[in-house]
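The chain contents come next:
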Amino acid sequence: MKKIMILAAIAAAAISCSKTFEVNEAIGESPIGFNTWNDVLTKARTNGTGTSSFANGEMFGVYGTKRVSATPYEVFNGAAIKATVSEAVSWNYNDASDIKYWDPAATSYTFYAALPSSMVTAYNSLTDEQKTANGNAAYSANGKFYGSFTFNDPTAITNDVMIASETTVTSGNFKQEVQLAFNHIASCVSLVAKKDAALSGATVKVTGVKFNNVKKSGNFHVTAYSTSPSVTWSNQSGFIETVTDSKIYSVNIGGDKTVDAYSTYEADHDVDATNGDPNAIFGGLVFLPQTFTDGTEQMLISYTIKVGNEPANVYTDVPVDLYDFMDSDSNDNSAGSHVSSWDFGKHYTYTITIGANAIQFSASVNPWTASSSAYYYLVD
């Protein structure tokens, strides 16, 4: 069986949309309102601000400061901003007592946010070591969140956890909505399949996919901000599973998937040509970022191969180590480098190439059996 994995391109788009902010403004003051978009395509969330990007009732926690006469003052310390999803998505304070107003004496505001708000560990609950690592500064000052999350359902929109880019608003833009750009801090996984050219005339179907020994819970720390947040994950534990204590997560692929794309390989095992696009098996599952150990985390592939009118050959739960996927397409599974982890913010597209051991024939000639003597004396 051929295993090859390719990093998918990461797409980004900023899309604006209207927002209704239902609050009675104080005379001469303007409330600080928020809008959002997320920047990487996954199954769980789509790009932009639309109704497939966020779930009704989701809340992000916002943190931030304002700067007055060069002195920073805390404005937000985890205020929950809640999504209402209808024909569009609007964001409002979950608690009206958290509403803050733009200060005309300020020169700028800086904002940080985490979605969901519940995944952030309260600053006062951090260890002394963690507080020291954060420069003994509250989240409102630098957005370097500590937190944890359990990835129970890879298909759920709320499994797709995110951290907003650091956002600074200067005085000329006060009274406008604060556009927060969220970045994925989980890992996204898709699977496509093709077959070896030797099976181009056979009917090949993928009938099931499972994951084995894939961890589901971990702790994260936002360590820095540049164009997007830098995040480390640690203490990964537990297993994503569909049956308790099985360590197996069975993917719903929506029925058997026919594989009609096929690749021809050269003598050195590199791809010569591929006929058709690899067939999608599943797309955009969201998992905990983690590192793989050879022989531990696996993808289990079930498939059938049918030639002509013969009954199909059935292959069930064929194990493929995630560590064994390579970053180059070669049918000897040894070219390139191992893809040995799922890193945060990346969308991985795995490609399985299905082959088969053909029944081969050769020929040889057996020696003659032992000779027999025969005599005849001819006289004419």
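Up top is the structure.
Calculation criteria
Residues numbered from 1 in each chain as written. Predicted model: local features only at pLDDT ≥ 70, side-chain atom pairs only at ≥ 80, totals over all residues. Heavy atoms only, no water. Core = buried A, V, L, I, M, F, W, Y, C linked by side-chain atoms within 4.5 Å. Buried < 20%, exposed > 50% of the residue type's maximum accessible area, 1.4 Å probe, protein only. Contact = heavy atoms within 4.5 Å. Salt bridge = Lys/Arg side-chain N within 4 Å of Asp/Glu carboxyl O. Helix = DSSP H or I, 4+ residues; strand = E, 2+ residues; numbered from the N terminus. Pairing = 2+ DSSP bridges. Axes fitted to C-alpha atoms, helices over the stretch in contact; angles between N-to-C directions. Polar contact = N/O pair within 3.5 Å; in protein donor to acceptor, adjacent residues only side chain to side chain. Phe/Tyr/Trp six-rings, centres within 6.5 Å; stacked < 30°, edge-to-face > 60°. Patch = residues over 30% accessible without salt bridge, like charges linked within 9 Å, V, L, I, M, F, W, Y side chains within 5 Å. Areas by Shrake-Rupley, 256 points an atom, 1.4 Å probe, with all protein chains shown as cover. Lys, Arg positive; Asp, Glu negative; His and termini not counted. Charge placed at Lys NZ, Arg CZ, Asp CG, Glu CD.

Participant: For the nonpolar core, give the residues involved together with the corresponding values.
Facilitator: In this structure, Val209, Phe211, Phe282, Trp342 and Tyr350 are the most contacted members of the largest nonpolar core, which totals 33 residues. If we skip the residues at most four places from it in the chain, Trp342 touches Ser187, Val189, Phe211, Val214, Phe287, Leu288, Pro289, Gln290, Phe292, Leu322, Tyr348 and Tyr350. By size, the runner-up hydrophobic cluster in this structure holds 28 residues, among which are Val89, Trp102, Tyr109 and Ala164.

Participant: Please give an account of the pattern of salt bridges that cites residues and values.
Facilitator: Applying the stated criterion to the full structure yields five salt bridges. Between Lys66 and Asp103 there is a salt bridge whose closest N-O contact spans 2.9 Å. Of this pair, Lys66 sits in strand β3 (residues 59-68) while Asp103 is found in the loop between β5 (89-93) and β6 (108-115), placing the two residues 37 residues apart along the sequence. Asp103 matches Lys66 in its accessibility class, with the two residues each being buried. Across the salt bridge formed by Lys194 and Asp329, the nearest N and O atoms sit 3.2 Å from each other. Residue Lys194 is located in strand β11 (residues 187-196), and its partner Asp329 is located in the loop between β22 (313-321) and β23 (341-342); the two are separated by 135 residues in the primary sequence. Given a relative accessible area of 3%, Lys194 falls into the buried group. Among the residues examined, Asp329 registers a relative accessible area of 22% and is labelled partly exposed.

Participant: Any details on the pairing of strand β24 (residues 347-354)? Residues and values, ideally.
Facilitator: In terms of burial, β24 is a largely internal element, eight of the eight residues being buried. Burial along β24 is two-sided: the residues His347, Thr349, Thr351 and Thr353 and Tyr348, Tyr350, Ile352 and Ile354 are all buried.

Participant: Residues and numbers for the sheet that holds strand β7 (residues 146-150), please.
Facilitator: Taken together, the three strands give an open sheet; going across it, the order is β7-β13-β14, and neighbouring strands pair in antiparallel fashion. Here the strands that pair on one side only, and so sit at the sheet edges, are β7 and β14 (229-237). On average, each strand axis in the sheet is inclined to that of its neighbour by 30°, with strand direction left out of account. Judged from the five bridges that link them, β7 and strand β13 (residues 217-225) form a sheet pairing that is antiparallel. Residue Phe149 lies in a different strand from β13, and its bridge partner there is Gly218.

Participant: Hey, could you go over the environment of Thr167 for me, with residue numbers and the actual values?
Facilitator: Mapped onto the elements of the fold, Thr167 is located in strand β9 (residues 167-170). Residue Thr167 is classed as buried on the basis of its relative accessible area of 14%. Separated by 13 residues in the primary sequence, Thr167 and Leu180 place their C-alpha atoms 6.8 Å from one another. If we ignore the near neighbours within four places in the chain, the residues touching Thr167 are Tyr109, Thr110, Phe111, Val178, Gln179 and Leu180. Looking at Thr167, its side chain comes within polar contact range of the main-chain oxygen of Ser165, at 3.1 Å.

Participant: Tell me about unusual backbone geometry, residues and numbers included.
Facilitator: The step from Leu115 to Pro116 runs through a cis peptide bond, and the omega angle for that step is 5°. For Pro116, the location among the structural elements is in the loop between β6 and α1 (128-133). Of note in the backbone geometry, Asp317 takes a positive phi value of approximately 50° without being a glycine. Here Asp317 falls in the partly exposed class, since its relative accessible area comes to 27%.

Participant: Can you break down the packing of aromatic side chains residue by residue, with the values?
Facilitator: Going through the model one piece at a time under the given rule, you end up with 30 aromatic pairs. For the pair Phe54 and Trp91, a centre-to-centre distance of 5.1 Å together with 85° between the ring planes defines the contact as edge-to-face. A residue pair is termed long-range when its members are at least 10 positions apart, and Phe54 in the loop between β2 (34-38) and β3 and Trp91 in strand β5 qualify at 37 residues. Relative accessible area serves as the criterion here: at 1%, Trp91 is assigned to the buried category. Note on Phe325 and Tyr350: the rings are 4.5 Å apart at their centroids and 85° apart in plane angle, and the pair reads as edge-to-face. Residue Phe325 is found in the loop between β22 and β23, and its partner Tyr350 is found in strand β24; the two are separated by 25 residues along the sequence. Comparing Phe325 with Tyr350 shows no difference in burial state: the two are buried. Through a chain of ring-to-ring contacts, three or more aromatic side chains come together here, namely Phe34, Phe54, Phe60, Phe76, Trp91, Tyr93, Trp102, Tyr109, Phe111, Phe174 and Phe182.

Participant: Pulling in residues and values, what's your account of a negative patch on the surface?
Facilitator: Negative charge collects at one region of the surface, where Glu266, Asp268, Asp270, Asp272 and Asp332 lie side by side. Considering the arrangement of structural elements, one finds Asp272 in strand β18 (residues 271-275).

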